[in-house]
Number of protein chains: 2
Amino acid sequence: MALIVQKYGGTSMGSPERIRNVAKRISRWKAQGHQIVVVVSAMSGETNRLVALAHEVSPQPDLREMDAMLATGEQVSIALLAMALRDIGLKAKSYTGGQVKVLTDSAFSKARILEIEDSNIRHDLDNDTVVIVAGFQGVDADGNITTLGRGGSDTSGVALAAALQAEECQIYTDVDGVYTTDPRIVPAARKLDQITFEEMLEMASLGSKVLQIRSVEFAGKYKVKLRVLSSLEEEGQETAGTLITFEENTTMEQPIISGIAFSRDEAKLTVSGVPDRPGIAYQILGPIAEANIDVDIIIQNVGHDGTTDFSFTVNRSEYARAKKMLENQIKPHIGALTIDGDNKICKVSAVGVGMRSHPGVASKMFRTLAEEGINIQMISTSEIKISVVVDEKYLELAVRALHRAFDLDQAAA
Amino acid sequence: MALIVQKYGGTSMGSPERIRNVAKRISRWKAQGHQIVVVVSAMSGETNRLVALAHEVSPQPDLREMDAMLATGEQVSIALLAMALRDIGLKAKSYTGGQVKVLTDSAFSKARILEIEDSNIRHDLDNDTVVIVAGFQGVDADGNITTLGRGGSDTSGVALAAALQAEECQIYTDVDGVYTTDPRIVPAARKLDQITFEEMLEMASLGSKVLQIRSVEFAGKYKVKLRVLSSLEEEGQETAGTLITFEENTTMEQPIISGIAFSRDEAKLTVSGVPDRPGIAYQILGPIAEANIDVDIIIQNVGHDGTTDFSFTVNRSEYARAKKMLENQIKPHIGALTIDGDNKICKVSAVGVGMRSHPGVASKMFRTLAEEGINIQMISTSEIKISVVVDEKYLELAVRALHRAFDLDQAAA
């Protein structure tokens, strides 16, 4: 018997029929003797509906009030799931974030969880009751309702699993696990049985949107075993999904590369002829950061003739704003010669803890791309990841070539 | 400067535009220097939508979970109104029932308010803030979310006015006050400037659905001045509505009759040939009450030849069930001869505190009906009310004739 936290997203809770299916799935786990805590999101579409309603009332809705309103989406979900569970004969009880309680700071719309009181939940679990908790929400010390930001239900699930020292936290989604890359691009992509947290963090931040990155960080910090599973699989057909572990697997040969991640919506900015003196990077990126523009890859080459070239990438939606800042605010101050940009680029990365002990991954990657005639514009590396920036027209070609080169393709049937 | 509690119903909160109008109305009261506490209902249609959703998930939704779900309707309303008020420059803050907190018993779906903590509200009012409270809801001592039953927002408003010792509780609706009778039946019906609580109770329980009867009882018990006003009147055109007072007006000539109330959905049951012995009324009505069927008028005539006839009225929707109980469960035990019924009746009543000091109201009422050829089937009287049961086809005729006979018609313009 184990204590398991299960999290169901908006799609899994998207209709009365799907909610009844979630109830059946929970009852199968319960029948195996497990204690179950369920975290749910709002029904798909509900949060968007509420946001639109708020904007019809107010051009800039107050954040405290917005949180109070958005929290109702999950409150409806928990009640409906509890009803469905009781209908099939299980004891079940719903809790809002405030009822648990999930204590957060007071940063409305992006609150951080500080503490979770587990006495109510423990009492119900000991009483053979399925406990259903509203994801995405909490209360601050003054009793104000807070929300954790979009996708925060994953974080709620992981935080509850940590507080309850659950055996594992199961994240049910509309995919059946984490893949070596996006199967829409590489049909031969394989589902991974397990992946390390570090790899998952790199995969998630690079655009494999299976899990919210914050929840993965949280799980890593509190050593919570995470498992990604499909909520759409029929009874008897369930697979074990992908387990995200906090330890490298030492019992079997680790693949060198676990997956090929990519990100489409990138843009590149280059400041050329920058005087090569201390503090220049801060002078360029300080104002960009203050404007809340996230910068990803940053590259500065060794200078010659007293100047250097400085490049960085931003999300494509921030490209125009960042370029304007460089032109109008930054260039006049530092005396750079030219500002160039390209908003038709993408980023492709090979991720794997195995590369720590296997040299030669980078050169294999570059050779593979060269053989396909793909020009590399930027390179960035970390301990377990090598990323390249290439023209966006090469995205699919690069991903497929690397997937094959690193032996990630499924064996032909 | 006074402390005023205002309650806005679902129609007043029915759209973003209407919510902005409510905000403007509040700002006009605020500009007069008053402290304002606002109680709101869910947007019209929202509670029905949620109930339907619950029934799609579960044939018999659990009551605790239903309350947790329904409470979200008001939670959305309070947040939207707070946003709208802030947009026009007022300080405003929303509170759920749990946040106030409004402490209730644990009777889910029909909870009773036990106590209201006023410290949060007082603090905000002292800080020049408009306080917005979710109607219809509270929490029990264990922190479970409860609701007060349909129309409970009126009760929330009155309870808050009582707890805060407010100057008055203003109930905003889609009518501009309490009328001498339904203007759809008698176009010459007049709006009353004031009415006593006792009269309002009789009017409300007889089908004048302006206020929820429980809120009127509550107001009477705690001596809260209630005022019914229209939320649809434009700025500069507002009228003072109808004030419901807890004292009879002694400064001016009191009308004998304040209004003609009526109720359509009535049904009558008669048990004939009942043995005239003690305990027979309980034997007949005990099982009916246990089946949760509300009985209204009860009449037992003096018996002759050792038997008596026993009649009572129920809501028409309960007629078939009550009749079946009489036939199958009650008749065999008491040896009554026949069970008769009529589900095509209605009740018409003259209401007025003035009849206490003016004899002759009953005979005037009976004469008026006789002159119209209307046969009276049952009569029931209280200190301030005379009710008759007549064939439902006479409803409009009886109401119009009585309205005219008791001088309630508007003077012709």
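None of these values were measured; they are calculated from a predicted model.

Turning our attention to the overall build of chain A. In terms of regular secondary structure, chain A is built from 12 helices and 18 strands. Each of the three principal axes of chain A carries a C-alpha extent, and together these read 75 × 55 × 30 Å. The burial tally for chain A puts 54% of its 413 residues in the buried class. Of the accessible surface of chain A, which amounts to about 17,900 Å², a share of 48% is contributed by carbon and sulfur atoms. Charge centroids of chain A, computed over 43 positive and 55 negative side chains, lie 2 Å from each other.

Residue and element names in this part refer to chain B. If you trace the eight strands from one edge of the open sheet to the other, you get E3-E6-E2-E1-E9-E11-E12-E10, paired in mixed fashion. Of all strands in the sheet, those with a lone pairing partner are strand E3 (92-95) and strand E10 (194-196), marking the two edges. Each adjacent strand pair in this sheet contributes to an overall mean axis angle of 20°, direction not counted. Pairing of strand E1 (residues 3-8) with strand E9 (residues 168-173), which is carried by five bridges, proceeds in the parallel orientation. Within E9, the residue paired with Val5 across the bridge is Cys169.

Attention now goes to empty space enclosed by the protein. Taken as a whole, this structure holds one cavity of 30 Å³ or more when the rule is applied. Glu46, Arg49, Thr72, Gly73 and Val76 of chain A together with Glu46, Arg49, Thr72, Gly73 and Val76 of chain B together form the lining of the largest cavity. Listing elements by their share of the lining of the largest cavity, those giving two or more residues are helix H2 (46-57) and helix H3 (63-87) of chain A together with helix H2 (46-57) and helix H3 (63-87) of chain B. Broken down by class, the residue content of the lining of the largest cavity amounts to two nonpolar, four polar and four charged.

Quoted interface sizes are often the accessible area lost when the parts come together. If you check the domain split of chain A, you get domain 1 (3-174) and domain 2 (259-405). Distance between the C-alpha centres of domain 1 of chain A and domain 2 of chain A: 39 Å.

Further remarks concern the pattern of salt bridges. All chains considered together, the criterion is met by 32 salt bridges over all chains. Overlapping salt bridges bring together Glu46 and Arg49 of chain A together with Glu46 and Arg49 of chain B as one network.

All names here are of chain A. One open sheet holds the six strands; their spatial order is E14-E15-E13-E16-E18-E17, and the pairing between them is antiparallel. For this open sheet the edge positions go to strand E14 (295-300) and strand E17 (378-382), each flanked by a neighbour on one side alone. For this sheet the average axis-to-axis angle between neighbouring strands, irrespective of direction, equals 30°. Relative to strand E16 (residues 338-351), strand E13 (residues 259-275) runs antiparallel, the two sharing 11 bridges. Bridge pairing links Ser272 to Thr338 in E16. Along the sheet face, helix H11 (residues 361-371) touches E16, E17 and strand E18 (385-391) and points at about 20° away from the line of E18. Sheet strands in contact with helix H12 (residues 395-405) are E13, E16 and E18, and its direction is about 120° off that of E13.

Further remarks concern the interface of chain B and chain A. The interface is formed by 41 residues belonging to chain B together with 41 residues belonging to chain A. For the chain B and chain A pair, buried surface summed over both sides reaches about 3,100 Å², with 60% attributable to carbon and sulfur atoms. On the surface where chain B and chain A come into contact, there are four salt bridges. Where chain B packs against chain A, one counts 14 residue pairs in polar contact (both at pLDDT 80 or more). Sort the elements by how many residues they give to the side of chain B that touches chain A and H3 of chain B lands first, with 17 residues.

Bringing the environment of Asp87 of chain A into the picture now. Following the sequence through the fold, Asp87 of chain A ends up in helix H3. Note on Asp87 of chain A: relative accessible area 36%, which makes it partly exposed. Between the C-alpha atom of Asp87 of chain A and that of Arg20 of chain A, which follows or precedes it by 67 residues, the distance is 9.2 Å. In terms of polar contacts, Asp87 of chain A uses its side chain to reach the side chain of Ser58 of chain B, at 2.7 Å.

Let us look at the side chain of Ser156 of chain A. Residue and element names in this part refer to chain A. Of note, Ser156 is situated in helix H6 (residues 152-163). Look at Ser156 and you get buried, because its relative accessible area is 5%. If sequence neighbours within four positions are ignored, Ser156 has contacts with Val39, Ile113, Gly135, Phe136, Gln137 and Leu148.

Attention now goes to the packing of aromatic side chains. If you walk through the whole model with that rule in mind, you get six aromatic pairs over all chains. Note on Phe310 of chain A and Phe312 of chain A: the rings are 6.3 Å apart at their centroids and 65° apart in plane angle, and the pair reads as edge-to-face. The buried category is assigned to Phe310 of chain A, whose relative accessible area is 1%. Stacked on the ring of Tyr95 of chain B, the Lys or Arg Arg64 of chain A has its end atom at 5.9 Å from the ring centre.

What follows concerns the UniProt feature "binding site: substrate" (unreviewed entry) in chain A. All names here are of chain A. This chain's UniProt record puts "binding site: substrate" (unreviewed entry) on Thr47 and Glu74. Despite a sequence span of 28 residues, these residues sit close together in the fold, their greatest C-alpha distance being 8.9 Å. Here Thr47 is to be found in helix H2. Within the secondary structure, Glu74 is located in helix H3. When sequence neighbours within four positions are dropped, the list of residues in contact with Glu74 reads Val40, Ser41, Ala42, Ala134, Gly135, Phe136, Gln137 and Ser153.

Rotating chain B by 179° about the axis while translating it 0.2 Å along that axis superimposes it on chain A, leaving an RMSD of 0.3 Å. The operation mapping one copy onto its partner corresponds to a two-fold rotation axis. For chain B, the residue whose C-alpha comes nearest the rotation axis is Thr72 of chain B, separated from it by 2.7 Å. Taken as a fraction of all interface residues of chain B, those also at the interface in chain A reach 100%, which identifies the copy contact as same-surface.

Here the amide bond leading from Val100 of chain A into Lys101 of chain A is cis, since omega sits at -5°, within 30 degrees of zero. Looking at the secondary structure, you find Lys101 of chain A in the loop between helix H4 (97-100) and strand E4 (102-104). For Asp128 of chain B, which is not glycine, the phi torsion reads 65° and is therefore positive. With respect to the element layout, Asp128 of chain B can be found in the loop between helix H5 (119-126) and strand E6 (130-134). Unusually for a residue other than glycine, Lys223 of chain B sits at a positive phi of about 55°. Assignment of secondary structure puts Lys223 of chain B in the loop between helix H8 (213-221) and strand E11 (226-230). By relative accessible area, Lys223 of chain B is classed as exposed at 52%.

So, on to the side chain of Glu199 of chain B. Residues and elements named next belong to chain B. Residue placement: Glu199 occurs in helix H7 (residues 197-205). Assessed through its relative accessible area of 1%, Glu199 is described here as buried. Only 3.1 Å separates the side chain of Glu199 from the backbone nitrogen of Thr196, close enough to count as a polar contact. At a separation of 2.8 Å, a polar atom in the side chain of Glu199 contacts the main-chain amide nitrogen of Val353.

A few words on the packing of H6 of chain A against helix H8 (residues 213-221) of chain A. Residue and element names in this part refer to chain A. Taken N-terminus to C-terminus, the directions of H6 and H8 make an angle of 10°; their axes are 8 Å apart at the nearest point. Here H6 lies roughly parallel to H8, going by the angle between them. The residues of H8 that touch H6, namely those facing Asp154, Thr155, Val158 and Ala159, are Arg214, Ser215, Phe218 and Ala219. Here the residues of the contact of H6 with H8 are counted per class, giving four nonpolar, two polar and two charged.

To continue, consider H2 of chain B. In this model, H2 of chain B (12 residues) spans 17 Å end to end at C-alpha, consistent with the 16 Å of a helix rising 1.5 Å per residue. Those residues of H2 of chain B that sit buried are Glu46, Thr47, Leu50, Leu53, Ala54 and Val57 of chain B. For H2 of chain B, the arc enclosing every buried residue in end-on projection is 125°, short of the 170-degree limit, so these residues lie on one face. Those residues of H2 of chain B hidden inside the fold are in contact with helix H1 (16-31), H2 and H3 of chain A together with H3 of chain B.

Rules behind the numbers
- Residues numbered from 1 in each chain as written.
- Chains lettered and ligands numbered in written order.
- Predicted model: local features only at pLDDT ≥ 70, side-chain atom pairs only at ≥ 80, totals over all residues.
- Heavy atoms only, no water.
- Helix = DSSP H or I, 4+ residues; strand = E, 2+ residues; numbered from the N terminus.
- Buried < 20%, exposed > 50% of the residue type's maximum accessible area, 1.4 Å probe, protein only.
- Areas by Shrake-Rupley, 256 points an atom, 1.4 Å probe, with all protein chains shown as cover.
- Lys, Arg positive; Asp, Glu negative; His and termini not counted.
- Charge placed at Lys NZ, Arg CZ, Asp CG, Glu CD.
- Pairing = 2+ DSSP bridges.
- Axes fitted to C-alpha atoms, helices over the stretch in contact; angles between N-to-C directions.
- 1 Å grid on protein atoms, 1.4 Å probe; cavity = no way out; pocket = protein on both sides within 12 Å on 5 of 7 lines; lining within 4 Å.
- Points joined across faces, edges and corners; volume = space filled by probe spheres on them.
- Nonpolar A, V, L, I, M, F, W, Y, C, P; charged D, E, K, R; others polar.
- Domains from an automatic or database assignment.
- Salt bridge = Lys/Arg side-chain N within 4 Å of Asp/Glu carboxyl O.
- Contact = heavy atoms within 4.5 Å.
- Buried area = accessible area lost by both parts, 1.4 Å probe.
- Polar contact = N/O pair within 3.5 Å; in protein donor to acceptor, adjacent residues only side chain to side chain.
- Phe/Tyr/Trp six-rings, centres within 6.5 Å; stacked < 30°, edge-to-face > 60°.
- Lys NZ or Arg CZ within 6 Å of the ring centre and 35° of its normal.
- UniProt positions renumbered as here; feature names shortened; annotations may be inferred.
- Least-squares fit on C-alpha atoms with pLDDT ≥ 70 in both.
- Parallel < 35°, antiparallel > 145°, perpendicular 65-115°, else oblique.
- Expected span 1.5 Å × (residues − 1).
- Arc of directions from axis to C-beta.

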